[in-house]
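Structural overview
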Amino acid sequence: MTPRARWHPWAMLAPTLALLVTFFVLPIGVAAYQSFFSWDLLTPPRFVGAANYRALAAHGHLFHIALHTAVYSGLVVTGTMSAGLALALLVDRPGRVFALARTSIFSAYVVSWVAVALLWMWMLDGNGGIVGGALRALGAPPTSLLGDPRWALPALAAVGVWKLTGYAMVVFLAGLRSLPRALLEAAALDGAGPWARFRHVTMPHLGPTAAFVATTTLVTSFQAFDVVRIMTQGGPARATELFVYAIYEQIFLNLSVGKASALAVVFFLLLLALAGLQLRVWRARAGEAR
Amino acid sequence: MTASRARLLPWLVAAVAAAAWLFPYAWMVLTSFKTLEEIVQDPTAPLPRHLDLDAYREVFAAMPVWRYTAVTAVMAGSIAAAQVALALPAGYALAKLRFAGRPFAVGVVLACLLVPAQATFVPVFLMFAKLRMVDTMGALILPFAASALGTFLVRQAMMSVPDELIEAARMDGASEWTIVYRILAPAIRPTLVSLLLVSFVLHYSDYFWPLVMTTDDGVRTLPLGVALLREQGTGVRWHIVMAGNVVLSAPVLVLFAAAQRQLMRAVGGR
């Protein structure tokens, strides 16, 4: 439709665009600029070229952060998607138990990450944690999972899966409910068993939904911070140092604006690349299925 | 026999799944009723010896729970309200008005969908520090007052509203203001309710932004206060931390119970 006055559309968009540009577009540029300076917030900034990036890359520090973040995200995305899809298929039927399962699983998505992190920290506690106790009864050594460099990161990922599975389940449920029943019935009449129906009717139909869940959980898990800050502070032995926590450390503990900005730039570019790649793969697959 | 077993198995698995998600809440509540003595002596005892409310008393003594709750609710409420108020005219312009810069404006909104606050907080923090706005409600609310996702969702919803509705309103002499807030807003009510609910719940629970934008007690939010219970050398006093956890999550769970359908539809329907 034609606007009544030429300035109308811009006046309507002005507050939104101004806020988005101020807080999301410009800061990316500012971070990229500041990543070439050495600045401790006390003395004036000094241009240092790519020194911040080189310092971060030295001793494989940056690589470790990227690797830990990728492992955490990989575990959370695969765990969340498989549990979410399996549970969606399971609870998509009438009955009280299924309604209860839907509600309780989804509730974790609504509760604060702080509450979830503290709760699991207590349950996994080496001394009095109930899960820790159960694991010890099964013959595990008497250390806390969170205190073990090998297990701390998978333990954080498990907490992430517990928190996000309800989200994936609800999105998959919406996808399942948009599947025409007639399609499944026609397949059954043609003699397709439950597995064949799932493989050739349900799965292709859920392709776009799965792509959506994969991308959103990837972005969410890539930004993980709360579980790290609350449960492990990046330890033990830096085993759980993920990107956002590393940025946070650089600016608030080391007072290094340059290194924090350099990390933020790498973090943002990796996130963009991963999300783009994932969308491409899923699009290609969705195309194949048709 | 096989028919009943085929029905029993999903039932059992669903019951186990429900338990896996309900048990941690139950354990949180049970722990919060225990005493320090019980936590030390027999931390995995299933039930507290009696309903002891000391942990809650300690939580209310350790932090100003009501002030933190008020700050958190005002922050989350303002963000949710601002997002809806700003997304309406912006979504209208992007969905219904034809003008030269529209593809550009849509591009800006879509690009912002990909930028998380976790990637921008360093420059934003420094900017607020320069403006002496750290530790103010402004620093907590302003960056989220406009939502790229909200704008996008409102635009999508407005596209399915027929143009005739707007034309008729214009014929009747309604101003654009009236068209956006009085005629189109009710027409896309479910979308607005979803946006309001999801945004409120998300920001009420947020830990990251209030943590980096506050340095003192002035505008501290509830999630920060509860996380501090653990950090302030509580050691093994997990009953206090769990009591804080109950205080933090109970209101959200009550809201969830009341608006479960809307929330599920908002999340599932995208």
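Residues numbered from 1 in each chain as written. Chains lettered and ligands numbered in written order. Predicted model: local features only at pLDDT ≥ 70, side-chain atom pairs only at ≥ 80, totals over all residues. Heavy atoms only, no water.

Points about the overall build of chain A
Scanning chain A from terminus to terminus reveals twelve helices and two strands. Considered along the principal axes of its C-alpha atoms, chain A spans approximately 75 × 70 × 30 Å. When the 290 residues of chain A are sorted by exposure, 52% land in the buried category. The long-range share in chain A, meaning contacts at least 24 apart out of those at least 6 apart in sequence, stands at 67%. Accessible surface for chain A amounts to roughly 13200 Å². Of this, 67% is attributable to carbon and sulfur atoms. In chain A, the 21 positive side-chain charges and the 10 negative ones have mean positions that sit 7 Å from each other. (Helix = DSSP H or I, 4+ residues; strand = E, 2+ residues; numbered from the N terminus. Buried < 20%, exposed > 50% of the residue type's maximum accessible area, 1.4 Å probe, protein only. Contact = heavy atoms within 4.5 Å. Areas by Shrake-Rupley, 256 points an atom, 1.4 Å probe, with all protein chains shown as cover. Lys, Arg positive; Asp, Glu negative; His and termini not counted. Charge placed at Lys NZ, Arg CZ, Asp CG, Glu CD.)

Structural notes on the packing of helix α7 (residues 152-177) of chain A against helix α15 (residues 260-268) of chain B
Helix packing for two helices is described by the angle between their axes and how far apart those axes are. Contact pair α7(A) / α15(B): the axes reach a minimum separation of 8 Å and the direction vectors enclose 80 degrees. With respect to their mutual orientation, α7(A) and α15(B) come out roughly perpendicular. Where α7(A) abuts α15(B), its residues Tyr167(A), Val170(A), Val171(A) and Ala174(A) lie against Met264(B), Val267(B) and Gly268(B). A per-class count over the contact of α7(A) with α15(B) returns six nonpolar, one polar and no charged. (Axes fitted to C-alpha atoms, helices over the stretch in contact; angles between N-to-C directions. Parallel < 35°, antiparallel > 145°, perpendicular 65-115°, else oblique. Nonpolar A, V, L, I, M, F, W, Y, C, P; charged D, E, K, R; others polar.)

Considerations on empty space enclosed by the protein
All names here are of chain B. Under the defined criterion, the tally for this structure stands at one cavity of 30 Å³ or more. In this structure, the largest cavity occupies an estimated 30 Å³ of space. In terms of lining residues, the largest cavity is bounded by Met-75, Ile-79, Leu-140, Phe-144, His-203, Asp-206, Trp-209 and Pro-210. When residues of the lining of the largest cavity are traced back to their parent elements, those giving at least two are α4 (65-96) and α12 (208-213). Residues belonging to the lining of the largest cavity are distributed by class as follows: six nonpolar, one polar and one charged. (1 Å grid on protein atoms, 1.4 Å probe; cavity = no way out; pocket = protein on both sides within 12 Å on 5 of 7 lines; lining within 4 Å. Points joined across faces, edges and corners; volume = space filled by probe spheres on them.)

Considering the layout of surface pockets
Residue and element names in this part refer to chain A. There is about 680 Å³ of room inside the second largest pocket. Among the elements of the structure, α7, α8 (181-189) and α9 (194-222) are those that each provide at least two residues to the lining of the second largest pocket. Counting residues per element, the lining of the second largest pocket draws most heavily on α9, which supplies five residues. Residues of the lining of the second largest pocket, tallied by class, amount to eight nonpolar, one polar and six charged.

Comments concerning the interface of chain B and chain A
By convention, interface size is frequently given as the accessible area that disappears when the constituent parts associate. Contact residues are listed per partner, giving 89 residues for chain B and 83 residues for chain A. Summed over both sides, the interface of chain B with chain A buries roughly 7800 Å², with 79% coming from carbon and sulfur. Viewed at the interface, chain A and chain B are joined by one salt bridge. The salt bridge partner of Glu176(B) is Arg4(A), with a shortest N-O separation of 3.2 Å. Where chain B packs against chain A, one counts 16 residue pairs in polar contact (both at pLDDT 80 or more). Its residues assigned to classes, the side of chain B that touches chain A comprises 68 nonpolar, twelve polar and nine charged. (Buried area = accessible area lost by both parts, 1.4 Å probe. Salt bridge = Lys/Arg side-chain N within 4 Å of Asp/Glu carboxyl O. Polar contact = N/O pair within 3.5 Å; in protein donor to acceptor, adjacent residues only side chain to side chain.)

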